[in-house]
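Tertiary structure, described
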Amino acid sequence: MTATPDLGTSRLASPDLLRSVFRQHAAGVAVITARGGTGPVGFTATSLSSVSAEPPMLSFGISTGASSWPAISGAEHVGVHILGEHQEQLAATFARSGADRFGAPTVWHEGPEGVPVLDGVLAWLVCGVVARVPAGDHRIVIAEVVLGDHAGSGRPLLYHQGRFNGLRD
């Protein structure tokens, strides 16, 4: 028998309610990168989703107020990097406003299509942007995979309850 939700504690829809609910949802951590007009840009994303296998496509969300949005809004290609649990500091750097995201200790190189590719990640993809779909104060970017590498080793980094975490056995 399952418990019935307590409707006495329910709240009307609000940004705070949505954030509170999604703190209960563990999500994988990715870093999205692109070539910007003045250099590389990137941000930490927990909204990465597989969209289609044929053709291989994915999606992620980005706030239109994010410092990376101007570059992402015009980028033809983006990099998608799956972080390992050993990369909590990298995730925090790409999540922090005003941080020098591509300065030391971040290790990266220019990859295919000029996309910044982070070294030492569990997996990475270079994707061609197909669409940017308006969604409130965000855009959902849909991109088709061009190439990538899944040869990294380790366990994935997760985001839960407002903190970066590793998997537990």
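Above this text is the structure in question.
Everything quoted here is computed from the prediction, not taken from an experiment.

In this section: the overall build of the protein chain. From N to C terminus, the protein chain includes three helices and 12 strands. In summary, the protein chain has a C-alpha radius of gyration of 17 Å against a globular reference of 15 Å for 169 residues, a match within 12%. With the C-alpha coordinates aligned to their principal axes, the bounding extent of the protein chain is approximately 55 × 40 × 40 Å. Split into buried and exposed, the 169 residues of the protein chain put 35% on the buried side. Within the structure as shown, the protein chain displays about 9,900 Å² of accessible surface, and the carbon and sulfur contribution to it stands at 55%. Taken together, the 11 basic and 14 acidic charged side chains of the protein chain have centroids lying 10 Å from each other.

What follows deals with the nonpolar core. Core analysis: the biggest nonpolar cluster contains 18 residues, and Ile32, Phe43, Phe60, Ile72 and Val78 have the highest contact counts within it. Counting only elements with at least two residues in this core, the list comes to strand 2 (30-36), strand 3 (39-45), strand 5 (57-63), helix 2 (69-74), strand 6 (77-82), strand 9 (123-135) and strand 10 (138-149). Ignoring anything within four residues of it in the chain, the contact list for Val78 reads Ile32, Thr33, Ala34, Phe60, Ile72, Val115, Leu125, Val126, Cys127, Val129 and Ala143. Core analysis: the second largest hydrophobic core is formed by 15 residues, Leu83, Phe102, Val117 and Phe164 among them.

Time to look at the pairing of strand 2. Counting buried residues in strand 2 gives six out of seven residues, a clear majority hidden from the surface. Pairing geometry for strand 2 and strand 3, over seven bridges, is antiparallel. Residue pairing for strand 3: Gly36 is matched across the bridge by Gly39. Adjacent in sequence and paired antiparallel, strand 2 and strand 3 are bridged by two residues. Bridge analysis of strand 2 against strand 6 gives four bridges, and the strand direction is antiparallel. Bridge pairing links Val31 to His81 in strand 6.

Turning our attention to the pattern of salt bridges. A complete count under the given rule lists two salt bridges for this structure. Ionic pairing is found between Arg11 and Asp16, a salt bridge with its closest N-O pair at 3.0 Å. The class of Asp16 is partly exposed, set by a relative accessible area of 39%. Between Glu85 and Arg155 there is a salt bridge; the shortest N-O distance is 3.9 Å. Remark: Arg155 occurs in the loop between strand 10 and strand 11 (157-160) and Glu85 occurs in the loop between strand 6 and helix 3 (88-95); sequence separation between them is 70 residues.

Now for the pairing of strand 11. Of the strand pairs in this sheet, strand 1 (residues 27-28) and strand 11 are connected by two bridges, and their pairing is antiparallel. Bridge assignment links Gly28 to a residue of strand 11, and that residue is Leu158. Note: strand 11 against strand 12 (residues 163-166), four bridges, orientation antiparallel. Bridging from a neighbouring strand, Leu158 pairs with Asn165 of strand 12. Adjacent in sequence and paired antiparallel, strand 11 and strand 12 are bridged by two residues, among which Gln161 carries a positive phi angle near 55°.

All right, on to the sheet that holds strand 12 then. Here three strands make up an open sheet; going across it, the order is 1-11-12 and the pairing antiparallel. Each edge of the open sheet carries a strand with a single partner, namely strand 1 and strand 12.

Rules of the game
Residues numbered from 1 in each chain as written. Predicted model: local features only at pLDDT ≥ 70, side-chain atom pairs only at ≥ 80, totals over all residues. Heavy atoms only, no water. Helix = DSSP H or I, 4+ residues; strand = E, 2+ residues; numbered from the N terminus. Rg over C-alpha atoms; globule rule 2.2 N^0.38 Å. Buried < 20%, exposed > 50% of the residue type's maximum accessible area, 1.4 Å probe, protein only. Areas by Shrake-Rupley, 256 points an atom, 1.4 Å probe, with all protein chains shown as cover. Lys, Arg positive; Asp, Glu negative; His and termini not counted. Charge placed at Lys NZ, Arg CZ, Asp CG, Glu CD. Core = buried A, V, L, I, M, F, W, Y, C linked by side-chain atoms within 4.5 Å. Contact = heavy atoms within 4.5 Å. Pairing = 2+ DSSP bridges. Salt bridge = Lys/Arg side-chain N within 4 Å of Asp/Glu carboxyl O.

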